[in-house]
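Residue-level structural notes
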Amino acid sequence: MLKVSIVGVTGYGGGELARLLGRRPDVQLLELVGRSAAGQPLGNVFPSLAPLGLTINQGDQLERPEEADFVFLALPHHASAEKAAEILERAPQTRVIDLSADFRLRDVPTYEQWYGHHPAPYLVREAVYGLPELYRDKLTANTRLVANPGCYPTCSALALAPALKGQPIVEPDVIVNALSGTSGAGREVKPYLHFSEQNESANAYGLAPGGHRHMPELKQILDDQYGASVDVLFTPHLMPMTRGMLATCYARLTPEFLAGHRDPKTVNTALRELYREFYKNDPFVVVAESSPTTKQVLGSNYCYVYPTADLRTGRLVAIAVIDNLTKGAAGEAVQNMNIIAGLPETTGLAQTAIYP
Ligand SMILES: NC(=O)c1ccc[n+]([C@@H]2O[C@H](COP(=O)([O-])OP(=O)(O)OC[C@H]3O[C@@H](n4cnc5c(N)ncnc54)[C@H](OP(=O)(O)O)[C@@H]3O)[C@@H](O)[C@H]2O)c1
């Protein structure tokens with residue numbers, strides 16, 4: 001039986017963790033921390049989770065971190081790093097899986113450029129970047145700290161990695177347009193997320209000249225895959241839907257690939273074969289036969305990827321969809337826990353999407 005605690009259970013990421021873990025016969029939810037609902041039934045905060053019969057801690061702290069095998073942190077950046085440092089100091093045997101951005105970037109100055117002062121830079125080197133499809137061999141029984149990836153980097157990197165790794169079929173210069181549902185912004189009330197402002201509306205954001213803060217994380221992954229620097233132009237968009245993320249990624253196909261694939265009738269089959277080979281050992285990646293929808297992954301840990309070629313412009317167009325709260329956050333975090341604990345990766349996560 002794995003003993004598991006969740007900090008930040010009153011937020012969307014924390015609530016999704018409780019949903020995924022609350023009925024597992026091999027998991028005991030030891031402590032739930034949520035400062036705005038201390039001492040209350042979790043069902044008061046998320047009525048959909050009432051049947052789990054769970055209660056949030058009286059105080060706003062973990063009381064017994066040393067008793068937990070895993071602690072999930074579903075907190076904003078900075079608060080998360082402070083909490084991770086505190087837990088690992090007090091309970092060095094406990095594993096921490098952090099959903100925030102605090103330990104994702106290996107280079108602390110790059111982190112500080114985007115997020116400000118790092119509260120625990122000495123832990124960055126120890127953190128393992130938990131995108132299992134691309135870094136599974138780094139997740140071992142000795143991993144103490146997991147930097148759970150962002151939803152945008154998860155979705156975009158899974159769309160592009162097969163084209164960049166090994167014998168690259170694209171040039172190292174990619175453009176990513178990604179769409180997110182509003183739950184990606186968390187549960188905290190913000191005026192731009194009011195129904196009356198978000199409904200029937202869509203917008204691009206994070207258009208600073210230096211790019212969006214998820215860009216360096218995506219670049220770090222793509223650089224690792226390619227083995228050298230990849231130029232990344234990333235533009236996020238907010239969509240009038242609750243959950244879901246879709247990334248449309250563009251890159252110029254190499255002359256070698258184009259020379260061997262001039263036939264529009266067969267090029268997409270060849271791309272799908274390449275992607276299927278790349279993901280043949282990854283139970284959560286489905287190489288789709290047609291352009292996927294966010295509804296196809298709703299509430300599931302699956303990522304559907306669909307590579308296609310535009311031979312007129314000589315470009316790869318690779319599309320991926322995930323549920324931002326599941327494969328983009330809590331589901332991926334549970335996948336990481338399963339791997340570190342030596343369990344089948346799909347334990348508790350194999351259910352397909354709610355559809356329609
Ligand atoms: N939402 C997504 O799709 C998504 C995807 C990938 C990663 N993430 C990351 O996951 C983390 C959680 O995101 P979320 O969407 O779940 O956010 P959220 O809905 O806003 O929830 C945040 C949680 O953190 C708690 N909290 C906020 N400030 C705190 C502080 N200073 N000290 C202690 N607790 C604090 C909140 O508690 P109270 O409300 O009870 O005060 C709440 O439980 C973030 O780092 C986010 O970037 C989110």
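On a predicted model such as this, the values are computed, not experimentally measured, just so you know.

**Brief notes about the site of the ligand**
- Around the ligand sit 25 residues, and of these Thr10, Gly13, Arg35, Ser36 and Leu75 come closest.
- Thr10 places a side-chain nitrogen or oxygen 2.6 Å from an oxygen atom of the ligand.
- The backbone of Gly13 places a nitrogen or oxygen atom 2.7 Å from an oxygen atom of the ligand.
- Grouping the constituent residues of the shell around the ligand by class yields nine nonpolar, 12 polar and four charged.

**Quick notes on the nonpolar core**
- Phe103, Val176, Leu222 and Val305 are the most contacted members of the largest nonpolar core, which has 71 residues in total.
- Sort the elements by how many residues they give to this core and helix α6 (residues 151-164) lands first, with 10 residues.
- The residues touching Val305, leaving out its near neighbours within four places in the chain, are Leu158, Ala159, Tyr275, Tyr279, Val285, Val286, Val287, Ala288, Ile319 and Ala320.
- Formed by 44 residues, the second largest nonpolar core is a distinct cluster that contains Val27, Ile319, Val321 and Met337.

**Notes on the state of the cysteines**
- Tallying each qualifying case throughout the model produces zero disulfides.
- Sulfur of Cys151: no disulfide; nearest cysteine sulfur belongs to Cys155 and is 8.5 Å away.
- With a relative accessible area of 13%, Cys151 lands in the buried category.

**Some thoughts on the sheet that holds strand β10 (residues 245-253)**
- Here seven strands make up an open sheet; going across it, the order is β8-β9-β7-β10-β13-β12-β11 and the pairing mixed. Of all strands in the sheet, those bounded by a partner on one side alone are β8 (203-204) and β11 (285-287).
- The pairing of strand β7 (residues 170-180) with strand β9 (residues 231-238) spans eight bridges and is parallel. If you follow Asp173 over to β9, its bridge partner there is Asp231.
- In this fold α6 packs onto β7, β9, β10, β11, β12 (303-310) and β13 (315-322), with an angle of close to 150° to the strand it touches most, β7.

**Regarding the pairing of β10**
- Counting buried residues in β10 gives seven out of nine residues, a clear majority hidden from the surface.
- Pairing analysis gives eight bridges linking β7 to β10, with the strands arranged antiparallel. Residue pairing for β10: Leu179 is matched across the bridge by Leu246.
- Here β10 runs beside β13; their pairing, made up of eight bridges, is antiparallel. Residue pairing in the sheet places Arg252 in a bridge with Arg315 of β13.

**Side note on helix α10 (residues 267-278)**
- Between the first and last C-alpha of α10 there are 17 Å, a value that for 12 residues agrees with the 16 Å anticipated at 1.5 Å per step.
- All of the buried residues along α10 are Val267, Asn268, Leu271, Arg272 and Tyr275. One side of α10 carries all its buried residues, which in axial view fall inside an arc of 135°.
- Where α10 is buried, its residues meet α6, α9 (255-260), β11, β12 and β13.

**Topic: the packing of aromatic side chains**
- For the structure on display, the rule yields five aromatic pairs.
- Centroid distance Tyr152 to Phe234: 5.2 Å. Interplanar angle 75°. Geometry classified as edge-to-face. Of this pair, Tyr152 sits in helix α6 while Phe234 is found in strand β9, placing the two residues 82 residues apart along the sequence.
- Look at Phe234 and you get buried, because its relative accessible area is 5%.
- Ring geometry for Phe284 versus Tyr302: centroids 5.5 Å apart, planes at 65°, classification edge-to-face. Placement of Phe284 in the loop between α10 and β11 and of Tyr302 in the loop between β11 and β12 is noted, with a sequence separation of 18 residues between them.
- Taking relative accessible area as the criterion, Tyr302 reaches 14% and is therefore assigned buried.

**Observations regarding helix α3 (residues 79-90)**
- For α3, which comprises 12 residues, the first-to-last C-alpha distance of 17 Å matches the rise-based estimate of 16 Å (1.5 Å per residue) to within 8%.
- Listed in full, the buried residues belonging to α3 are Ser80, Ala81, Lys83, Ala84, Ala85, Ile87 and Leu88.
- Lining the buried residues of α3 we find β3 (70-73), β4 (95-98) and β6 (145-147).

**Quick word on the packing of helix α1 (residues 12-21) against helix α11 (residues 326-340)**
- Viewed as axis vectors pointing N to C, α1 and α11 meet at an angle of 50°, and their least axial separation amounts to 9 Å. Here α1 lies oblique to α11, going by the angle between them. Crossing hand, α1 versus α11: right-handed. Each of Gly13, Glu16, Leu17, Arg19, Leu20 and Leu21 in α1 lies in contact with α11, whose residues at this interface are Thr326, Ala330, Gly331, Ala333, Val334 and Met337.
- Residue classes in the contact of α1 with α11 are distributed as seven nonpolar, three polar and two charged.

**So, the environment of Tyr152**
- The class of Tyr152 is buried, set by a relative accessible area of 3%.
- Tyr152 sits 157 residues away from Ala309 along the chain, and the two C-alpha atoms are 22 Å apart.

Rules used in this analysis
Residues numbered from 1 in each chain as written. Predicted model: local features only at pLDDT ≥ 70, side-chain atom pairs only at ≥ 80, totals over all residues. Heavy atoms only, no water. Near = heavy atom within 4 Å. Polar contact = N/O pair within 3.5 Å; in protein donor to acceptor, adjacent residues only side chain to side chain. Nonpolar A, V, L, I, M, F, W, Y, C, P; charged D, E, K, R; others polar. Core = buried A, V, L, I, M, F, W, Y, C linked by side-chain atoms within 4.5 Å. Buried < 20%, exposed > 50% of the residue type's maximum accessible area, 1.4 Å probe, protein only. Helix = DSSP H or I, 4+ residues; strand = E, 2+ residues; numbered from the N terminus. Contact = heavy atoms within 4.5 Å. Disulfide = S-S within 2.5 Å. Pairing = 2+ DSSP bridges. Axes fitted to C-alpha atoms, helices over the stretch in contact; angles between N-to-C directions. Expected span 1.5 Å × (residues − 1). Arc of directions from axis to C-beta. Phe/Tyr/Trp six-rings, centres within 6.5 Å; stacked < 30°, edge-to-face > 60°. Parallel < 35°, antiparallel > 145°, perpendicular 65-115°, else oblique. Left-handed = near helix turned anticlockwise from the far one by under 90°.

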